[in-house]
Each structure stands twice: as C-alpha cells, then as structure tokens.
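A closer look at the structure
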Amino acid sequence: MSALQIKKGSSKHSAYDLRDPNSELIETHTLAVSVDNESGVLARVIGLFSARGYNIDSLTVAEVDHMGHRSRITVVTSGTPQVITQIKAQLERMVIVHEVHDLTVEGPSVQRELALFKVKGRGEARIEALRLAEIFRANVVDSTLESFVFEMTGTPEKVDAFAELMRPLGLVEVARTGVAALARGA
Amino acid sequence: MTRQMTGAKMVVQALKDQGVEVVFGYPGGAVLPIYDEVFQQNDIRHILVRHEQGAIHAAEGYARSTGKPGVVLVTSGPGATNVVTGIVDALMDSIPIVVLAGQVPTFMIGSDAFQEGDTVGITRPCTKMNWLVKETDKLAETIHQAFHVATSGRPGPVLVDIPKDVQFATGTYCEKPKAKTSHYAPRVKGDPEMITRLVELIETAERPVFYTGGGVINSGPAASQLLRELAEATGFPVTSTLMGLGAYPASGQAWLGMLGMHGTYQANWAMHDCDLMINIGARFDDRITGRINAFSPDSKKAHIDIDPSSINKVIHTDVPIIGDVGHVLEDVLKIWKSRGRKINREGLARWWKQIEEWKAVNCLAYKPSATSIRPQHAIARLEALTKGMDRYITTEVGQHQMWAAQYLGFEDPNRWMTSGGLGTMGYGLPASVGVQIAHPDALVINVAGEASWLMNMQEMGTAMQYRAPVKQFILNNERLGMVRQWQELLHGERYSSSWSEALPDFVKLAEAFGCKGIRCDNEADLDDAIREMLAYDGPVIFDCLVEKHENCFPMIPSGNAHNDMLLGDAETQGVIGASGAVLV
C-alpha cells in the first residue's frame, strides 16, 4: 500500500476502509445521523457523546424532512479507529436513530460551513479586510463606518484561514454554524 | 371501531393488552387517576411496595425469573427519582423494565410545580428510550412501543412519563397491533458467513472454551437448551459470567464454574490459555477480562451478541456475529452438523487433561473453623439442603454474592437474580419479593450481607402484606465485607467506615415485621437452623453470624491477568500495584 502512497488511516479519499482497527492514530470523521424529529433527541445524542467521553468537534442539526418527521444531525468527531467504530455502533443502536453514515469513509463528500465575522477598524486595515474578503468570496452583510460583518461559506479549513487573516485587522466576533455535509454523486 | 377512553383507562387497557399480570408501584398525586383505574379492575394485580426503589428491583426480579417485562408504576418527582438506581441497574444487566411515571399536568411543566421533576431528562441517559406523552391520543401507542423497545434486541429499561391532565383527558385508544413499532427491529439472525467461520474454528480448535453470559438467559430457555446441546456435542468446556449462571447446568460434564475476578482457577486459566474463545452473549466486562493487554493472548475470539456496540468495544474480536444467541446457536449447530460434526479429538483430550490438573487445585476449598461459621460453609450447607428443590436465588452485593455464585449450583436459567453490572446493594430483598410474586409456590432465598440487606429492609413489609414467604439468608459479619477486604489488600488494613455498628437485632426485627427470625452462630446448629427456615410457611429473616474477617478467594487483583490469581490468605499485602489501585 505504501507503494501506492496511500497512508494508512487516511481513507478520506478512498472507497475502501483501509484503517487499522488497532491503530492509536486519532482520526477526524464526519457522521451524518438521521433521527426522528422529536423533543429530546438531540439531548440523547449529545448525552451519548458526553457520557462515553467522545469528542464533538462540531455539530449541526435541523429538520430536513417535515413529512417524514426526520432531522439530520451532522457531527464531526475525532478518535482512534476503534473509538470511531464504537461511536457509530452506539449511535446505530439508539431507538431514535434511523441511519448513520460515515461520510469520511463512505466516499467523497462535500462539507460546508457558514460563518459570520465582525471586523472593526478604520483606514488601511479596513480596506485590507475588504480586499481579503473578496479573495475568500465573503459577502458584506452589514456595514458601518467602522465595522463590517462578513458572511462566508466554505470548508472549516477555509473558515479558519479567513479568521486568522482577519484577526490582526480587527476581528471582534465570529459565529459559525458547524459543518453540514453530503456525499458526492447520486 | 375506535375506542374512546380516558388516558388513565388507556394505561390499564394497554397493560392488559400487553399481557401484564403484575405491576409494582407506589401511588402519589400525579398518578391518582391511574390508581383509580387499577382499583376498578381485577386483571392486573398491583403490589404496593414500601419505597419506589423496592418497586423497580422487585420488577427486575419478576422479569428475570419469568422472562417477561417487569412493570413499575410511580408518581412524579421523588417517585420517579427513586427508581433511577433500578433503571440504571436494568440498563447495565439488560433487564426488560417498563416504568410508568406520573407527571405534573402539561400546563404546569417547567413551573417548578409541587413534585415536579424533569423525569425524561433525568432518565434519558439510563433508559433504552423514554417518552413524555403530551397528548392522550398518543398514550396507548407510546405504551405499546415502550413494551416493544424494552423487550426487543438487547432488553432494557424504558420510561413513559404521563402528565396528570393527559390521564384525565379522553382520547382514542390505539390497539396493540396498530402501534408503529417496525422502525426498531434489531437483527436476530447471524451472518451465515461469520457463522461458518466460527464452525471452521470449532472443527480445528485444540483448546476451545465457551464463555457464556447473560445474553443466553435473555434469549430465552431455548438458547440455554441449544448451548447444552452444543457443549455436549462438541465436548468443549463451558464457563460463564455472573449474569449467565444457570444457562449451562452446574452439574454438567463441561462446567468449569464461573470466571472472572472471583471465578474459579480452572475457568480463568482456561480463558487465558485457550486457542478459541467463543463468547456467547457476554460483553468482556472488566470483572472478566482483568488486564486487557494480558487477556487470553493466544486465542482467536468469536463473539455472539445482539448488540453491535458490544463487538470490539474492549476486546478485539476475530469472528463477530451480531444476532440473537438462540438463532445463532441454532445455525451454528446446523452448519457444524451438516459439515460432519468435526472436532479436534486429540487436541481436546489434551486440553481436558490440562483442565483436570487445574481443577485438582480445588480452588474453592476453605479451612474449617472450630470457633465460628465460615460464610462459604453456610452457603455450601444451604446448597446441600435445598438441592433439587424448586429454588430461586437472589443476592445483594458484596462477598456473600460472590460466595453464592461460587458455592451454589444452578441447573436452569432464570433461577439466579443478582445485580451484576451496577452492583446495587439493596437489590436482593425487593428482587426476592418480585420473584416470589411470580412464583408463589417456589422456594425463594435472598442470600444477603447484613449491610446490603439494611438498605431496602423496609420491603419486608411488602413481603408480609402479600404473604410472599421469602427467605432472607443474611451472612452477618458485622462488616462491609468486600470493602473491608479491599481495604486490607489495598489500604494498609485501615478499615475506614467499613464495619456495621449499631446493628439491629434481626430476630426481634423479624418479630416486629410479624415474620420469623432465626439466629445461628455455630456450625453445629447450622443445618437444623436452615431446615427450620425452609420449613417455615412465611417470610424468614435468618441471621447467620459468620467469621468476621473472611476474604473472598480466588481473586484476580485489579490490573492483573487471568493466570495471576490469589488462591488464599497466603500473602495479600501489596498484591495490587499502583496502577491496579486506581481501578475498582
């Protein structure tokens, strides 16, 4: 496998699960969890993570099928392969959970996050912020003489990068939605 | 034809439709409408306990001795919080329990009303599923779903929270067959490919062992029968966890005794040295595995479990089989027979020779005492004098529980009720009442320690009220024995708060409750005293004064491997290292 330059544990771009189940390597996975849209469901899922000491890097939830009474929870989590497998099994056995998809191993996926940034400044810094926003395709959704609110969608990495650039230019507040993700293709 | 009725009536109707015969509970403001309906019918018997914790442990005893779900009815607030320990207990030991709790009316929820508690919030992490029913129209369906969830797949506790206005209001009753339950359907049939792989390993294994657990019992009597057939046909040795005792008979040829921290020498050595471990309905609990990285280092491991999250949770499995034990064992037998019933005879013969050597160590031997009753001896005599009787045993938690597991022999499933996973002191007495309610003519004995027993002793009142002739066999060492043992091994014999001072006079206590009290403090009188207990037609509190400083052996100290057991009192100081000391 090394000849093919496929790193063990990074199966993000492979259709096959090449992970070593006994590896101690920490991996980050994006899980899409289809649940009944009922009160307490989110608490049940989050409670599982806190009770068993699993990580939540980001979490989004919203109703996606009103007639079918379903919500989709997208959770980005990290852990060893054994822990990730265990998280999936623990989620799958919950009565309110219909499906669990590990978008990280099931094939290529699109991952997007929406973020809002409030940047305060005057003069050169303000112009620089606007210029960078253009490069990142961020929109100005609010403006005063000494502040902007930028809106941007992108991968978490892109959001991180933009935040880093804005910090010296007067970044005062960030709001992020967390990752929403879908598998590519039909 | 739809039926209209009040929510309270629906509860009783749904219970009847689910075949419920007994409910354990305690009334209060928020469940009065349901109690009013219970009063006006005769199909369902209500057992009034003395504390809600007693209700749920009694329901657990009922469930485990019958294989049917146990039903609990309690009021809001303290009524519900008092059953939380039992709910966690049932979750850990996979016991089907349906708790029906009253709640303040919907329009008062969130207002800090009298006896309001966030019952679904409190019980969410410890139930398989719970529901707050806000509309009477949904009540009956929810109760039917609750029974379905509690009893399907890996069994467990569920809770339905019913506000008082929902009980009073009228709605449409959902008939049992119409309740939507299809979305929760755990897989029961194992993957045939994996089963074939297990059969291949069975055919060639030189040193196999069946490691069976509570899943065999939960799967029903047929699973125990299949296990017996498989063990007999292959000649493979069988050991079991605390939860699985009785699935394979203690008198069986292949029986090695219980395994784990206080398991037998032969069982633990067989687990350590085997080349094929077949885990049937057990979960590699830390009481079983000891040190993980030294756990059965040379074996291939197959694991049959209905819960996918049990697979590879702590121990890596080579052949995972997700399914119901009964279904899987049936297929294992079928495939193994169809391939010519092959086993590795020479290897197996050598293996049994080795096992006989381990058995010869006689790890459960204990020194007789001239001055006091050895607790092991008390249990051994109880076993001898009740053998062959229609007998059910419950226990509390501690040394007496381990001695009961070691010295009593279980021939059938559903005869042994003990709190394994959670280790709930105070479980045994109410559980014994629940068992006796289910089996009025059987002999039901709670093997107890005096400290555990005091935790729910109020339930003797329940036993008296319902004429449940439960026998409370208390091994009284005036100590919290297991705590004391660990303090001796681990904390330099500093016995911090581990003795029972100001104990009641148990004989007088029995008289106060209106039952029989017996005290025995020497071995010469023991048999007669036990016979007297057995002969008495009614509840008995048996105060058996035993040796105060006896330790429970064999023992695998925390953090040690299976082949690193303590067999007796030889040298117990310093056997648990610093890394083991942080474990429990």
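Keep in mind the model is a prediction, meaning the values are calculated, not measured.

Okay, the overall build of chain A next. Scanning chain A for helices and strands turns up four helices and nine strands. For chain A, the N- to C-terminal ordering of α and β elements is β-α-β-β-α-β-β-α-β-β-α-β-β. In chain A, which comprises 186 residues, the proportion classed as buried is 42%. A fraction of 70% describes how many contacts in chain A between residues 6 or more apart in sequence connect residues 24 or more apart.

This paragraph deals with the environment of B:Gly481. Residues and elements named next belong to chain B. One can find Gly481 in helix H21 (residues 481–490). We classify Gly481 as buried; its relative accessible area is 10%. Sequence separation between Gly481 and Asp93 is 388 residues; the distance between their C-alpha atoms is 23 Å.

Now for helix H16 (residues 375–386) of chain B. Because an α-helix completes one turn every 3.6 residues, residues spaced three or four positions apart along the sequence face the same direction. Residues and elements named next belong to chain B. Taking 1.5 Å of rise per residue, the 12 residues of H16 would be expected to cover 16 Å, and the 17 Å separating its terminal C-alpha atoms lies within 8% of that figure. Burial analysis of H16 places nine of its 12 residues in the buried class, the great majority of the element. All of the buried residues in H16 are Pro375, Gln376, His377, Ala378, Ile379, Leu382, Glu383, Leu385 and Thr386. Of the surrounding elements, those touching the buried residues of H16 are strand E15 (391–395), helix H17 (399–407), strand E17 (443–449), strand E18 (471–476), helix H23 (523–535) and strand E20 (540–545). Once H16 ends, the next one or two residues include Gly388, with phi positive near 85°.

So, on to unusual backbone geometry. Put simply, B:Phe553 and B:Pro554 share a cis peptide bond, and its omega is -5°. Position of B:Pro554 among the secondary structure elements: in the loop between E20 and helix H24 (578–581). Residues other than glycine seldom take positive phi values, yet A:His69 does so here, at roughly 65°. As for its position among the elements, A:His69 is in the loop between strand E2 (58–65) and strand E3 (70–79). Owing to a relative accessible area of 38%, A:His69 belongs among the partly exposed residues under this scheme. At B:Phe284, a residue that is not glycine, the phi angle is positive and equals roughly 50°. Considering the arrangement of structural elements, one finds B:Phe284 in the loop between strand E12 (276–280) and helix H13 (286–289).

So, about the packing of helix H9 (residues 192–204) of chain B against helix H14 (residues 325–338) of chain B. All names here are of chain B. Contact geometry of H9 with H14 gives a least axis separation of 9 Å together with a crossing angle of 60°. On the basis of their axis angle, the class for H9 and H14 is oblique. Crossing angle aside, the handedness with which H9 passes H14 is right-handed. Seen from H9, the contacting residues are Pro192, Ile195, Thr196, Leu198, Val199, Ile202 and Glu203; seen from H14, they are Val328, Asp331, Val332, Ile335 and Trp336.

Now for the side chain of B:Lys128. Residues and elements named next belong to chain B. For Lys128, the position within the fold is in the loop between helix H6 (119–123) and strand E6 (129–132). Despite its burial, Lys128 pairs with no opposite charge, the nearest such side chain being Asp307 at 8.7 Å. Reaching out from Lys128, the side chain makes a polar contact with the backbone oxygen of Ser152 at a distance of 2.8 Å. Among the polar contacts listed, one links the side chain of Lys128 to the side chain of Tyr184, at a separation of 2.9 Å.

Glancing now at the interface of chain B and chain A. Contact residues are listed per partner, giving 17 residues for chain B and 15 residues for chain A. For the pairing of chain B and chain A, the buried interface totals around 1300 Å² over both sides, and the portion due to carbon and sulfur atoms is 53%. Counting across the chain B and chain A interface gives one salt bridge. Two residues, B:Asp307 and A:Arg93, come together in a salt bridge whose shortest N-O distance is 2.6 Å. Connecting chain B to chain A are 10 residue pairs in polar contact (both at pLDDT 80 or more).

Moving on, we get to the UniProt feature "domain: Thiamine pyrophosphate enzyme central" (unreviewed entry) in chain B. Sequence positions flagged by UniProt for "domain: Thiamine pyrophosphate enzyme central" (unreviewed entry) are, in local numbering, residues 195–331 of chain B. Each end of residues 195–331 of chain B is marked by a C-alpha atom, and these two atoms are 7 Å apart; helix forms 36% of the span and strand 20%.

So, on to the UniProt feature "domain: ACT" (unreviewed entry) in chain A. Per the UniProt record, "domain: ACT" (unreviewed entry) is found at residues 30–105 of chain A. With 30% helix and 41% strand, residues 30–105 of chain A has its two end C-alpha atoms placed 9 Å apart.

It is worth spelling out the domain arrangement of chain A at this point. All names here are of chain A. When cut into domains, chain A gives domain 1 (7–13 + 21–102) and domain 2 (109–183). Summarising the inter-unit geometry, the C-alpha centres of domain 1 and domain 2 are found 28 Å apart. Contact with domain 1, which involves seven residues of that partner, is made by seven residues of domain 2. Interface area for domain 1 against domain 2, summed over the two sides, is near 490 Å², with a carbon-plus-sulfur share of 49%. Area buried by domain 1 at its contact with domain 2 is led by Thr30, Thr60 and Arg72, which between them contribute 58% of it.

All right, on to the pattern of salt bridges then. Residues and elements named next belong to chain A. One pass over the structure, following the stated rule, counts 34 salt bridges over all chains. For Asp102, the salt bridge identified is with Lys88, shortest N-O distance 2.8 Å. One end of the pair, Asp102, is in strand E4 (residues 97–102); the other, Lys88, is in helix H2 (residues 81–92), and 14 residues separate them in sequence. Here Asp102 and Lys88 have matching classes, each one buried. As a salt-bridge pair, Glu164 and Arg167 come within 3.3 Å of each other at their nearest N and O atoms.

On to the side chain of B:Ser372. Residues and elements named next belong to chain B. Locating Ser372 in the fold gives a position in the loop between helix H15 (345–360) and H16. Residue Ser372 is classed as buried on the basis of its relative accessible area of 14%. Separated by 3.0 Å, the side chains of Ser372 and Glu547 make a polar contact. Setting aside chain neighbours within four positions, we find Ser372 in contact with Glu523 and Glu547.

Another aspect to go through is the UniProt feature "domain: Thiamine pyrophosphate enzyme TPP-binding" (unreviewed entry) in chain B. Taking the UniProt record as the reference, the feature "domain: Thiamine pyrophosphate enzyme TPP-binding" (unreviewed entry) is found at residues 397–544 of chain B. Here residues 397–544 of chain B runs as 43% helix and 17% strand, with 17 Å between its end C-alpha atoms.

What counts, and at which threshold
- Residues numbered from 1 in each chain as written.
- Chains lettered and ligands numbered in written order.
- Predicted model: local features only at pLDDT ≥ 70, side-chain atom pairs only at ≥ 80, totals over all residues.
- Heavy atoms only, no water.
- Helix = DSSP H or I, 4+ residues; strand = E, 2+ residues; numbered from the N terminus.
- Buried < 20%, exposed > 50% of the residue type's maximum accessible area, 1.4 Å probe, protein only.
- Contact = heavy atoms within 4.5 Å.
- Expected span 1.5 Å × (residues − 1).
- Axes fitted to C-alpha atoms, helices over the stretch in contact; angles between N-to-C directions.
- Parallel < 35°, antiparallel > 145°, perpendicular 65-115°, else oblique.
- Left-handed = near helix turned anticlockwise from the far one by under 90°.
- Lys, Arg positive; Asp, Glu negative; His and termini not counted.
- Salt bridge = Lys/Arg side-chain N within 4 Å of Asp/Glu carboxyl O.
- Polar contact = N/O pair within 3.5 Å; in protein donor to acceptor, adjacent residues only side chain to side chain.
- Buried area = accessible area lost by both parts, 1.4 Å probe.
- UniProt positions renumbered as here; feature names shortened; annotations may be inferred.
- Domains from an automatic or database assignment.

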